[in-house]
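Report on the structure
Each chain, written out:
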Amino acid sequence: MTAVLRGAGRVAGKRVAVIGAGSVGPGWGNGKAAAVLYAREGGQVLAVDRDGKAADETVELIRSEGGSACGFAGEMTDPEAARSTIEAMIGAFGGLDILHFNVGISTRGGIEATSYEDWRKVFSVNLDAAFHITKAALPVLERDGGGAIVFITTLAAHLNGPYPYVGYETSKAALSRLSRSIAIEYAARGVRSNTVVPGMIDTPHVHAHVATSTDAGAVASARAAQVPMKRQGTGWDVAEAALFLASDAAGFITGADLPVDGGMSILMGNASV
Ligand SMILES: NC(=O)c1ccc[n+]([C@@H]2O[C@H](COP(=O)([O-])OP(=O)(O)OC[C@H]3O[C@@H](n4cnc5c(N)ncnc54)[C@H](O)[C@@H]3O)[C@@H](O)[C@H]2O)c1
């Protein structure tokens with residue numbers, strides 16, 4: 001974990017909205033770790049989640065360390081809730097400098113096994129929600145002098161893994177493309193847009209996903225064995241990459257997809273990430 005730097009931090013004074021800042025279970029998910037890391041590095045954080053209790057837990061964690069955070073409960077597949085989120089951000093902190101979009105869901109299966117209902121559900125959360133919140137955020141990011149958007153995608157957006165997740169893979173690939181479209185549209189207007197591309201990450205989300213069907217320890221070992229570094233990543237690995245892309249240190253970087261995967265994308269032989 002990173003030491004608390006706050007005033008001299010890498011996003012000191014920046015106003016950060018983390019969408020999907022809670023966690024589906026105990027421990028450090030990608031969104032929760034990102035929210036806490038932004039605050040440790042001096043950011044003022046709006047922790048947004050459809051589960052208000054999960055958002056509040058993240059807010060409490062940040063405040064217990066002396067950081068600045070507010071919570072907001074909102075379902076991001078609803079365009080009105082997305083607009084209200086940005087209004088809440090302005091109400092709490094006066095503006096917006098960094099939008100971090102973490103939410104994502106998946107259903108397992110190839111096209112034969114995937115119902116249209118599941119396909120729509122996954123696209124609604126992974127892609128439509130990103131569209132709604134980004135569309136609401138961009139005028140404020142631009143108004144406030146430019147800023148940064150970080151989308152959390154997945155290696156599965158670029159490469160096929162051991163199991164098919166056709167809705168997840170396709171929606172996240174489109175999210176990566178959306179990021180690049182925004183990057184070009186706003187390149188001369190001060191707003192940067194990038195994605196973090198996690199590989200195998202050990203998070204409560206994964207525990208919740210596998211716990212019902214399989215021995216969690218065996219699944220964790222099997223996941224780690226596929227990674228060239230022979231370990232899964234953590235929410236902190238993902239958060240550190242996002243923090244870099246969101247910070248001024250990445251001021252000349254836009255439209256990038258940054259793998260955080262212990263070398264897995266190289267092993268799987270795809271040059272597009
Ligand atoms: N763990 C991995 O191995 C892995 C790998 C690649 C990518 N990812 C990506 O990481 C992200 C999830 O990371 P996490 O560990 O924080 O997961 P998480 O599921 O624990 O947390 C995500 C939070 O988002 C909230 N949320 C979900 N849908 C929402 C919606 N429509 N509106 C508002 N809030 C919503 C949930 O309530 C939850 O608290 C996803 O985008 C996923 O695709 C994870």
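Here the structure is a predicted model, which is why all the values come from computation and not from measurement. (Residues numbered from 1 in each chain as written. Predicted model: local features only at pLDDT ≥ 70, side-chain atom pairs only at ≥ 80, totals over all residues. Heavy atoms only, no water.)

1. Side note on the overall build of the protein
A count of helices and strands for the protein gives nine helices and seven strands. Relative to its full complement of 273 residues, the protein shows a buried share of 51%. Put simply, 78% of the contacts in the protein that link residues at least 6 apart link residues at least 24 apart. Each charge class in the protein can be summarised by its mean position, and for the 23 positive and 27 negative side chains these summaries are 3 Å apart. (Helix = DSSP H or I, 4+ residues; strand = E, 2+ residues; numbered from the N terminus. Buried < 20%, exposed > 50% of the residue type's maximum accessible area, 1.4 Å probe, protein only. Contact = heavy atoms within 4.5 Å. Lys, Arg positive; Asp, Glu negative; His and termini not counted. Charge placed at Lys NZ, Arg CZ, Asp CG, Glu CD.)

2. Some points on the site of the ligand
Lining the immediate surroundings of the ligand are 29 residues, of which Asp49, Glu75, Asn102, Tyr168 and Lys172 lie closest. Within the backbone of serine 23, one N or O atom sits 3.3 Å away from an oxygen atom of the ligand. The separation between an oxygen atom of the ligand and a polar side-chain atom of arginine 223 is 2.9 Å. Against a free-state accessible area of 850 Å², the protein chains account for coverage of 95% of the ligand. Mapped onto the shell around the ligand, the elements with two or more residues apiece are α1 (30-40), α5 (166-185) and α6 (204-211). (Near = heavy atom within 4 Å. Polar contact = N/O pair within 3.5 Å; in protein donor to acceptor, adjacent residues only side chain to side chain. Areas by Shrake-Rupley, 256 points an atom, 1.4 Å probe, with all protein chains shown as cover.)

3. Focus on the packing of helix α3 (residues 79-93) against helix α4 (residues 116-143)
Packing of α3 against α4 leaves a shortest axis separation of 7 Å and a crossing angle of 30 degrees. Classified by the interaxial angle, the pair formed by α3 and α4 is roughly parallel. Like other packed secondary-structure pairs, α3 and α4 cross with a definite hand, here right-handed. For the pair α3 and α4, contact is made by Pro79, Ala82, Arg83, Thr85, Ile86 and Ile90 and by His132, Ile133, Ala136, Ala137, Val140 and Arg143, respectively. Its residues assigned to classes, the contact of α3 with α4 shows eight nonpolar, two polar and two charged. (Axes fitted to C-alpha atoms, helices over the stretch in contact; angles between N-to-C directions. Parallel < 35°, antiparallel > 145°, perpendicular 65-115°, else oblique. Left-handed = near helix turned anticlockwise from the far one by under 90°. Nonpolar A, V, L, I, M, F, W, Y, C, P; charged D, E, K, R; others polar.)

4. Describing the pairing of strand β2 (residues 44-49)
Burial of β2 is extensive: five of the six residues sit out of reach of the surface. Pairing of strand β1 (residues 15-19) with β2, which is carried by five bridges, proceeds in the parallel orientation. Across the sheet, valine 16 pairs through a bridge with valine 45, a residue of β2. Crossover handedness for the path β1 to α1 to β2: right-handed. As paired elements, β2 and strand β3 (residues 68-73) share six bridges and run parallel to each other. Each bridged residue has a counterpart across the sheet, and for glutamine 44 the counterpart in β3 is serine 68. The handedness of the β2 to β3 crossover, carried by helix α2 (residues 52-64), is right-handed. (Pairing = 2+ DSSP bridges. Right-handed = clockwise from strand over helix to strand, strands pointing away.)

5. Examining the pattern of salt bridges
Per the counting criterion, the structure on display carries 14 salt bridges. In this structure, glutamate 41 engages arginine 10 in a salt bridge whose closest nitrogen and oxygen atoms are separated by 3.1 Å. Here the residue glutamate 41 occupies a position in the loop between α1 and β2, and arginine 10 occupies one in the segment before β1, the gap between them amounting to 31 residues. The buried category is assigned to glutamate 41, whose relative accessible area is 0%. Judged by relative accessible area, which is 40%, arginine 10 ranks as partly exposed. (Salt bridge = Lys/Arg side-chain N within 4 Å of Asp/Glu carboxyl O.)

6. Here we look at the environment of valine 11
Within the element layout of this structure, valine 11 appears in the segment before β1. Remark: the alpha-carbon pair of valine 11 and glycine 109, spanning 98 residues in sequence, is separated by 39 Å. Those residues in contact with valine 11, other than ones at most four positions away along the chain, are Tyr38, Glu41, Gly42, Gly43, Ile98, Leu243 and Ser247.

7. Remarks on the layout of surface pockets
There is about 160 Å³ of room inside the second largest pocket. Mapped onto the lining of the second largest pocket, the elements with two or more residues apiece are α4 and α5. The residue makeup of the lining of the second largest pocket, split by class, is five nonpolar, two polar and two charged. (1 Å grid on protein atoms, 1.4 Å probe; cavity = no way out; pocket = protein on both sides within 12 Å on 5 of 7 lines; lining within 4 Å. Points joined across faces, edges and corners; volume = space filled by probe spheres on them.)

8. Digging into the sheet that holds β3
If you walk across this open sheet you meet the seven strands as β3-β2-β1-β4-β5-β6-β7, and the pairing is parallel. Because the sheet does not close on itself, it has two edges, and the strands there are β3 and β7 (257-260). Put simply, the sheet's adjacent strands are angled 20 degrees from each other on average, direction ignored. Strands β1, β2, β4 (98-101) and β5 (147-152) of the sheet are contacted by α1, whose axis makes an angle of about 170 degrees with β1. Contacting β2 and β3, α2 runs over the sheet at an angle of about 175 degrees to β3.

9. Points about the packing of aromatic side chains
Counted according to the given criterion, the structure contains four aromatic pairs. Seen from the ring of tryptophan 28, lysine 32 lies directly overhead, with NZ or CZ sitting 5.7 Å from the centre. Its guanidinium or amino end placed over the ring of tyrosine 186, arginine 189 lies 4.2 Å from that ring's centre, counting from NZ or CZ. (Phe/Tyr/Trp six-rings, centres within 6.5 Å; stacked < 30°, edge-to-face > 60°. Lys NZ or Arg CZ within 6 Å of the ring centre and 35° of its normal.)

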